[in-house]
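Take a look at the letters that make up each chain.
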Number of protein chains: 2
Amino acid sequence: MDAANGLEAPQQILETEVKAFFDSAPPLQNCNEINEKLKEFIERNSFPSGNGKARRVVCVTSGGTTAPLEQRCVRYIDNFSSGHRGATSTEYFLKAGYAVIYLYRRGSFQPFCRSLPDDPLLECFEPTNESDIQVREAHSEAVKRAIVEHHAAVADGLLLKLPFRTIFEYLQMLQMIAISMRSLGPCAMFYLAAAVSDYYVPWKDMVEHKIQSGSPLLDVQLVQVPKMLSILRKKWAPQAFCVSFKLETDTNILLNKADAALEKYDMHAVVANELLTRKEEVVVVTNADKITARRDKSQSGADVEDPLIKLISEKHSTFIEDSNRSFK
Amino acid sequence: MDAANGLEAPQQILETEVKAFFDSAPPLQNCNEINEKLKEFIERNSFPSGNGKARRVVCVTSGGTTAPLEQRCVRYIDNFSSGHRGATSTEYFLKAGYAVIYLYRRGSFQPFCRSLPDDPLLECFEPTNESDIQVREAHSEAVKRAIVEHHAAVADGLLLKLPFRTIFEYLQMLQMIAISMRSLGPCAMFYLAAAVSDYYVPWKDMVEHKIQSGSPLLDVQLVQVPKMLSILRKKWAPQAFCVSFKLETDTNILLNKADAALEKYDMHAVVANELLTRKEEVVVVTNADKITARRDKSQSGADVEDPLIKLISEKHSTFIEDSNRSFK
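Computed from a prediction, not measured in an experiment: that's the story for all the values here. (Residues numbered from 1 in each chain as written. Chains lettered and ligands numbered in written order. Predicted model: local features only at pLDDT ≥ 70, side-chain atom pairs only at ≥ 80, totals over all residues. Heavy atoms only, no water.)

**Student:** Hey, could you go over helix α5 (residues 140–155) of chain B for me, with residue numbers and the actual values?
**Tutor:** All names here are of chain B. With 16 residues, α5 ought to run about 22 Å at 1.5 Å a step, and its terminal C-alpha atoms sit 22 Å apart, in line with that. All of the buried residues in α5 are Ser140, Val143, Ala146, Ile147, Val148, His150, His151 and Ala153. At the exit of α5 stands Gly157, carrying a positive phi of roughly 70°. (Helix = DSSP H or I, 4+ residues; strand = E, 2+ residues; numbered from the N terminus. Expected span 1.5 Å × (residues − 1). Buried < 20%, exposed > 50% of the residue type's maximum accessible area, 1.4 Å probe, protein only.)

Pasting the structure below:
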């Protein structure tokens, strides 16, 4: 998602665009099942946690969305994102006591699994004899940790995972999650790390069949995805703490774009990251300040998400206190 | 890859296009390592197999290629393909006594693993206690089979796996494989099941940084990928048996397009499949006949690739006999 096209679209035009986007989207397959899961998850985590404070719930979005070019989808435009940021952040949010709704791209990184090879089943296990298998010594700890910690989070009702593929699925599910999290008030957070398509082909404009490839040139015309950050912030989840991301490959424009996004979408924080250094440091941009979170290089295996989530969590605490104060 | 745009490009124009494509492509990262692996694999499998006949080697390509839209790749156009056809076919080729070079899209299906869930590590295993894990009962057989059979094929030197992501990587690696397989003469086969991009943005035309998204419309202009099937068949591997695929969503044009591809690229066989029924039946189109291979529905877990690979393997046998006869 992106900022500042110079002309601020009036709210009404945006709402018309959003309505057109959702009206044209193919219906979500397992809508009822997702709603049931969400309802149960929010109810379970609406009670105060052990320390008497209300449980905080964060929706972490992760991985890239696709924009199909054909209705029976053979070709699509994809946004690169491994899901590493979202998966790692989820681990640190759980550690910080949050319950996490992980809205992730199918096939992207999963929490607790990011240190494993691409194809963990084939690369981490070996046959012992004709009919049995074992974990390879070198991967033993990482594999056990992944399975044990992942299952603990799910079994304790602290991690709900919901997969998407297309921009249509992603935005429909984000809306459902936002509406189901309203009851949590300021204890709800949106941490929008997914790489969301800026452009799409409206479903009704799409050819039904595979685009034929006779012509020497292909001209694909896409329209802008409506700026859903505004709608999320103003309509879907007006009380929640909202964090968006700004990824650029060009450092020179990064902080300006983060500032613009903060203002335009009225975010509470924007995490600015540059493609090549994003695992080393990020800048958390708020109205009050710009704070750099850096990976602790003195510790092997340290993540930039460790200081990042501490910082975001502190900002969320302040936000909750301020919100409660203004309601008194 | 696609057929018949009405005007047949003269061979010389095609060769110029191919040269331009390769000249503009970013250099392959681990080129020397791949060449070493190929050399070793072909040498190992150049000796006659147990029955005194020469070992046959097939290069199976699998999954979709991406066409990057930016040099520091954030956005790209992707071709949908799970890699199910290539992975399953590889299993049946191994069963039929072939050695297989599996040129696959990172993250796509792997041989022997296609009956497992999306995320096998997290879904097939469970913790037994704080520090140990076990395979879930329901997945026990499938997981063991996957690991044992996969490792056996690799350990026996019968399966070499080479991953790609972009159209540039794919075509550079296909060329290297073809050249390394020349020594096998007619015992070499190319089974081109990958979904290869028809269009791409030449590397030199690509913007270096992320495309900015200020404009309400995005117009992506792509040029056609040169028809490499012709070059593979005529230049890279003139003695090999070549099988290509034709996937359409529109049944009405499928067989005509398969016929056109057979003729245009001088393939030995084209496997015609329709998106919705591709796991049930396919048609093997050759100059001599059109034979439908159907999944045996009376057997649970039967694959259409079982009769398909039998048929392709028989056609390859005939081809080898004919080739040897014409050399006498």
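**Student:** With reference to specific residues and values, describe the relation of the copies chain A and chain B.
**Tutor:** Each of the two copies of the chain can be brought onto the other by a rotation about an axis and a shift along it. With an RMSD of 0.0 Å, the operation that places chain A on chain B is a rotation of 180° combined with a shift of 0.0 Å along the axis. On this basis, the relationship between the two copies can be described by a two-fold rotation axis. Among all C-alpha atoms of chain A, that of A:Ile77 lies closest to the rotation axis, at 2.1 Å. Interface overlap between copies: 100% of the residues of chain A at the interface are likewise at the interface in chain B, consistent with a symmetric, same-surface contact. (Least-squares fit on C-alpha atoms with pLDDT ≥ 70 in both. Contact = heavy atoms within 4.5 Å.)

**Student:** Please provide a residue-by-residue account of the sheet that holds strand β2 (residues 66–68) of chain B, values included.
**Tutor:** Taken in spatial order, the 4 strands make up an open sheet running β2(A)-β3(A)-β3(B)-β2(B), and their pairing is antiparallel. Each edge of the open sheet carries a strand with a single partner, namely β2 (66–68) of chain A together with β2 of chain B. Across the sheet, the mean angle from the axis of one strand to that of its neighbour is 25°, orientation sign disregarded. Pairing analysis gives 5 bridges linking strand β3 (residues 75–79) of chain A to strand β3 (residues 75–79) of chain B, with the strands arranged antiparallel. Counterpart to A:Tyr76 in the pairing with β3(B) is B:Asp78. (Pairing = 2+ DSSP bridges. Axes fitted to C-alpha atoms, helices over the stretch in contact; angles between N-to-C directions.)

**Student:** Give a detailed account of the pattern of salt bridges, specifying residues and quantitative values.
**Tutor:** In total, this model carries 42 salt bridges over all chains according to the counting rule given. The residue A:Asp322 makes a salt bridge to A:Arg325 at a minimum N-O spacing of 3.2 Å. Remark: A:Arg325 and A:Asp322 occur in helix α9 (residues 305–327); sequence separation between them is 3 residues, near one turn of the helix. Of the residues examined, A:Asp322 reaches a relative accessible area of 39% and is grouped as partly exposed. A salt bridge links B:Lys315 to B:Asp289, with the nearest nitrogen and oxygen atoms 3.1 Å apart. Taken as a pair, B:Lys315 in helix α9 (residues 305–327) and B:Asp289 in the loop between β13 (281–285) and β14 (290–294) lie far apart in primary sequence, 26 residues in all. (Salt bridge = Lys/Arg side-chain N within 4 Å of Asp/Glu carboxyl O.)

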